[in-house]
Amino acid sequence: MIKKAIAVLVLLISIVANSQEIKSYTWDEKPVFKTIPEEYKNEAAVVLLDKRWIHTRVGNYAFASFVMNHFAIKINKAEEINKYNKIKAEDNGLVRTLRDFHARIIKPNGEIQVLPKERIVETESDKIKSIVFEGVEAGDILEYYFILKENPNPSGVEIFQKDIPVLEAQFSHSAEGAIINTFQSPNFTYTSSGRIYTYTATNIAPYKEEKYATNIKNLVKLIYLVYTPAYDNYNWRKHFLAYYTKPKFQYFKKNQAREFIENLDIKDIPTDEKMIKIDNYIKENFDFVWSGEKANKVTDLNDGKQKLKASDIFDLYAFAFKELKIPYQVVVGMSRYMGDVDNEFYVMPLTHEFMYYIPETKKFISPYEKYLSYGYPMYEIQGSHGVAYDPKEKVVSNQFYFPTAPANYTVNETISTVTLSKDLSEATIEKTYSNSGYEGQLDRNRIRYFKENKEEKDLKEYFQNRIFGEDSGLKLDNYTLSNEEFKYNQDNTPFIVTTNASANEGLVDKAGKLVLINLGKVIGKQSNLYQETIRTHDIAIDYTKTYKHKIVFNIPAGYVVESYKDLVIDRKMKGDESKICSFKSTVSVQGNQLIVTILESYNAIDYPKDQYQEYRNVINAGYDFSKAVLVLKPKK
């Protein structure tokens, strides 16, 4: 008994010591920071230290977190002082109190000036409070630390990368009566001392957003989960068992769901057709109860348009599968742009995508994505791994892979006919624009939103920008839509917009007797990578896709083609034909018509950064074509 009592006493002493340690934190009287590397000496400012510590207490008489932030920044340029001499107050919805706050300025000669309260000023801009440190000059080091007491947060994301270099980043956590799991970028190294666990990263380069990259995923950051052993629903098996073993409803009863399935009359048709009918009806007739709206009890699920809780809609699918004896799995992925699904834990601060997988057909249903039909998974999670749960066998697999749709699934196709007026001052363009795959489904969803929430002029403006570009000089006069209903998603029927447009200026120019037509702009606005010459991260695009364009130009009477060489472009990436990207345009003259055909394809969703220049060359091809000029001359 005496030995047990001593052991308990030692444990209590260690817990109290850990709790007191963060509350008594202080800085060094004479701090020594890492030397600023040569490549960072011309930066506007450099973070010398970004140190954070969270201590969580959970128990019968203890429910609190203590948060310590210690920050030091050297500000090199006077014009940047107002950007870096302040802290924006964070409002995370928690009850929190400030226990300790200290700030000081370290001059270039080593003199330390502790800032009195009158030089620490609270301000407010755009309803966001800030603490501003007055008297900071170029060359100074501003250092401060504070300790907060707040209600424990079950999870958090700590982002350490900034728009300026960070020489030393450190995150520590400790806990009493709770467990903390941490998921960090590979930049961090790990050490522990007693109950304090510390993650450190050094020389973090400034953040730079890149086009076609997983920018959020690439951020240097650390994510943590806090929970007590009795409430561990972060483990995937426990999470699935708690929420996804049996469908359950809040706003209707199971007998109503059974009637709903019977009324669909789908028992004796193939599984693919069953899935299509279930998905079509639910997507077209049920919408989500949004924040601030009140959910109502449902008396008849087949009674036209209704609103339901998102969880009820999700479970209605599962209930239909069970009643129809269709084996299914609940699968979870994550946007490639955000991160990767952890094999063991549901990392709550990151957005996970829950959907159904039908093993028999190898297809997906995404109840939460109104635009997406039964078939391929959400484009954001293609090519990534996730976890799968079989509710019948109660088995969890962390080896699930989300396939990538082929490039011929998402096709953007245009056919344009361009005719000039007799005096060559104006042009008319008849253009048919069609999208299939992810593009078609997204467009249908946007059109539905515009028709339900916007005015006709907003929809016309959308098509103007989407088909021709905002500043193209080509004016959309009228349009008609075809195949805009959700049901056309199921067999990938293209969504079609038939347009008539005109150009009064910007398309035709004259140089002496020659007539110059900027025919390339007819394909619409094109992105480019001309300014982005250096690449840090691998390339990531939303989905594989194919662009097919055909332009028919009616050569005006009395003129012949002098040159179309700018319209002919052929660029492709080296490597496996099934994975590379390419752009090829060809031109021919047939009678009084000049015909341009373009085939542009992206056969993979990821390309390594060492192929960036090749990828950049292909992306820029479309932009170059949009600037290309056709030259006409009078007949002799």
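Going by the structure above, here's the rest.
Anyway, here's the lowdown on the structure attached to this text. (Residues numbered from 1 in each chain as written. Predicted model: local features only at pLDDT ≥ 70, side-chain atom pairs only at ≥ 80, totals over all residues. Heavy atoms only, no water.)

### Examining the side chain of Asp312
Condition: Under the scheme used here, helices are H or I runs from DSSP no shorter than 4 residues and strands are E runs no shorter than 2 residues, and both carry numbers assigned from the N terminus. Pairs of residues are marked as contacts when any of their non-hydrogen atoms sit within 4.5 Å.
One can find Asp312 in helix H7 (residues 310-323). Apart from the residues within four sequence positions on either side, Asp312 is in contact with Lys248, Phe249, Gln250, Tyr251 and Phe252.

### So, the packing of aromatic side chains
Put simply, the rule reads: Pairing of aromatic rings covers Phe, Tyr and the six-membered ring of Trp, with a centre-to-centre limit of 6.5 Å; geometry is then stacked below 30 degrees between planes, edge-to-face above 60, and tilted otherwise. Should the NZ of a Lys or the CZ of an Arg lie within 6 Å of a ring centre and within 35 degrees of the ring normal, that charge is described as sitting over the ring.
Counted according to the given criterion, the structure contains 54 aromatic pairs. Seen in terms of ring centroids, Phe183 and Phe345 are 6.2 Å apart; in terms of plane orientation they differ by 65 degrees. Their pairing is edge-to-face. Note that Phe183 is positioned in strand E11 (residues 179-184) and Phe345 in the loop between strand E17 (329-333) and strand E18 (353-358), a separation of 162 residues in sequence. Sitting over the ring of Tyr251, Lys297 keeps its end group 5.5 Å from the ring centre. Directly above the aromatic system of Tyr337 lies the positively charged group of Arg336, at a separation of 5.3 Å from the ring centroid.

### Considerations on the nonpolar core
We apply this condition: Put simply, a nonpolar core is a bunch of buried Ala, Val, Leu, Ile, Met, Phe, Trp, Tyr and Cys residues held in one set by side-chain atoms that sit within 4.5 Å of each other. Accessibility here uses a 1.4 Å probe with only protein chains present; expressed as a share of the type maximum, an area under 20% marks a residue as buried, one over 50% as exposed, and anything in between as partly exposed.
The biggest cluster of nonpolar side chains holds 58 residues, and the ones touching the most others in it are Phe463, Leu519, Phe553 and Tyr615. Counting residues in hydrophobic clusters, the runner-up holds 50 residues, among them Phe252, Ile266, Val332 and Val341.

### Some words on a positive patch on the surface
To be explicit about the condition: Within the patch definition used here, like charges are joined within 9 Å and nonpolar side chains (Val, Leu, Ile, Met, Phe, Trp, Tyr) within 5 Å, considering only residues with over 30% relative accessible area and no salt bridge. Residue-level accessible areas treat just the shown protein chains as cover; the underlying method is Shrake-Rupley with a 1.4 Å probe. The salt bridge definition used is simple: a Lys or Arg side-chain nitrogen within 4 Å of an Asp or Glu carboxyl oxygen. Only four residue types enter the tally: Lys and Arg on the positive side, Asp and Glu on the negative side, with His and both chain ends excluded. To locate a charge, take NZ of a lysine, CZ of an arginine, CG of an aspartate or CD of a glutamate.
On the surface, Arg237, Lys246, Lys254, Lys322, Lys392 and Lys394 cluster together into a positively charged patch. Mapped onto the secondary structure, Lys246 falls in the loop between helix H4 (236-243) and helix H5 (254-264). The exposure class of Lys246 is exposed, given its relative accessible area of 61%.

### Quick notes on the packing of helix H6 (residues 271-285) against H7
Quick note on the threshold: Working convention: axes come from line fits to C-alpha atoms, limited for helices to the stretch in contact. Angles between N-to-C directions cover 0 to 180 degrees. Our angle categories are set so that under 35 degrees counts as roughly parallel, over 145 as roughly antiparallel, 65 to 115 as roughly perpendicular, and the remainder as oblique. Note: crossing handedness is left-handed where the near helix turns anticlockwise from the far helix by less than a right angle, and right-handed where it turns clockwise. In the scheme used here, Gly and all other residues not listed as nonpolar or charged are polar, with Ala, Val, Leu, Ile, Met, Phe, Trp, Tyr, Cys and Pro taken as nonpolar and Asp, Glu, Lys and Arg as charged.
Where H6 contacts H7, the axes come no closer than 11 Å and their chain directions differ by 155 degrees. One element, H6, and the other, H7, form an angle in the roughly antiparallel class. Once H6 is placed against H7, the crossing between them reads as right-handed. Together, Met275, Ile278, Asp279, Ile282 and Lys283 of H6 and Ile313, Leu316, Tyr317, Ala320 and Phe321 of H7 make up the contact between the two elements. When the residues that make up the contact of H6 with H7 are grouped by side-chain class, the tally is 8 nonpolar, no polar and 2 charged.

### Digging into the sheet that holds strand E24 (residues 475-482)
Filter applied, for reference: DSSP-based pairing: two strands are paired if at least 2 bridges between them are found.
Within the open sheet, the 8 strands sit side by side as E24-E25-E23-E22-E29-E33-E32-E31. Their pairing is mixed. Only two strands of the sheet have a single neighbouring strand rather than two, namely E24 and strand E31 (570-572). When the angles between neighbouring strand axes are averaged without regard to direction, this sheet yields 15 degrees. The strands touched by helix H10 (residues 612-626) are strand E29 (545-554), E31, strand E32 (581-590) and strand E33 (593-602); relative to E32, the strand with the most contacts, the crossing angle is about 30 degrees.

### So, the pattern of salt bridges
Taken as a whole and assessed by the stated rule, the structure comprises 25 salt bridges. The salt bridge partner of Asp279 is Lys283, with a shortest N-O separation of 3.1 Å. One end of the pair is Asp279 and the other is Lys283, both in helix H6 and 4 residues apart, which spans about a single turn. What makes Asp279 buried here is its relative accessible area of 0%.

### Things to note about the side chain of Arg444
Selection criterion: Any pair of N or O atoms that falls within 3.5 Å is considered a polar contact. Within protein, one atom must be able to donate a hydrogen and the other to accept it, and sequence-neighbouring residues count only if both atoms are side-chain atoms.
Structurally, the position occupied by Arg444 is in helix H8 (residues 437-453). For the buried residue Arg444, which engages in no salt bridge, the nearest side chain bearing the opposite charge is Glu485, 6.4 Å off. There is a polar contact of 3.4 Å between the side chain of Arg444 and the backbone oxygen of Glu485. Once residues lying within four places of it in the same chain are set aside, the contact partners of Arg444 are Asn483, Glu484, Glu485, Tyr488, Asn489, Thr493, Pro494 and Phe495.

### Looking at H7
Stated precisely, the cut-off is as follows: Expected span, for any helix, means 1.5 Å times one less than how many residues it has.
End to end, H7 covers 20 Å across 14 residues, agreeing with the expected 20 Å (1.5 Å per residue, within 8%). The buried fraction of H7 amounts to 10 of the 14 residues, a majority that puts the element mostly inside the structure. Note on H7: the residue one or two positions beyond its end, Lys325, has a positive phi of about 60 degrees.

### Some details on the sheet that holds strand E9 (residues 155-159)
Taken together, the 3 strands give an open sheet; going across it, the order is E9-E14-E11, and neighbouring strands pair in antiparallel fashion. Only two strands of the sheet have a single neighbouring strand rather than two, namely E9 and E11. The mean inter-strand angle of the sheet, taken between neighbouring strand axes irrespective of direction, is 20 degrees. Looking at chain direction, E9 and strand E14 (residues 221-227) are connected through 5 bridges and run antiparallel. Pairing of Ser155 across the sheet is with Leu225, part of E14.

### Some remarks on a negative patch on the surface
Taken together, the side chains of Glu259, Glu262, Asp300 and Asp303 present a region of like negative charge at the surface. Its location among the elements puts Glu262 in helix H5. You can call Glu262 exposed: its relative accessible area is 52%.

### What about the packing of H5 against H7?
Contact geometry of H5 with H7 gives a least axis separation of 10 Å together with a crossing angle of 70 degrees. Looking at the two axes, H5 sits roughly perpendicular to H7. Handedness of the crossing formed by H5 with H7: right-handed. Seen from H5, the contacting residues are Lys254, Ala257, Arg258, Phe260 and Ile261; seen from H7, they are Leu316, Phe319, Ala320 and Glu323.

### Looking at unusual backbone geometry
The backbone of Tyr212 sits at a positive phi, close to 55 degrees, despite the residue not being glycine. The topology assignment puts Tyr212 in the loop between strand E13 (196-204) and helix H3 (215-218). Judged by relative accessible area, Tyr212 falls into the partly exposed class, the value being 25%. The phi torsion at Asn483 lies on the positive side, around 60 degrees, for a residue other than glycine.

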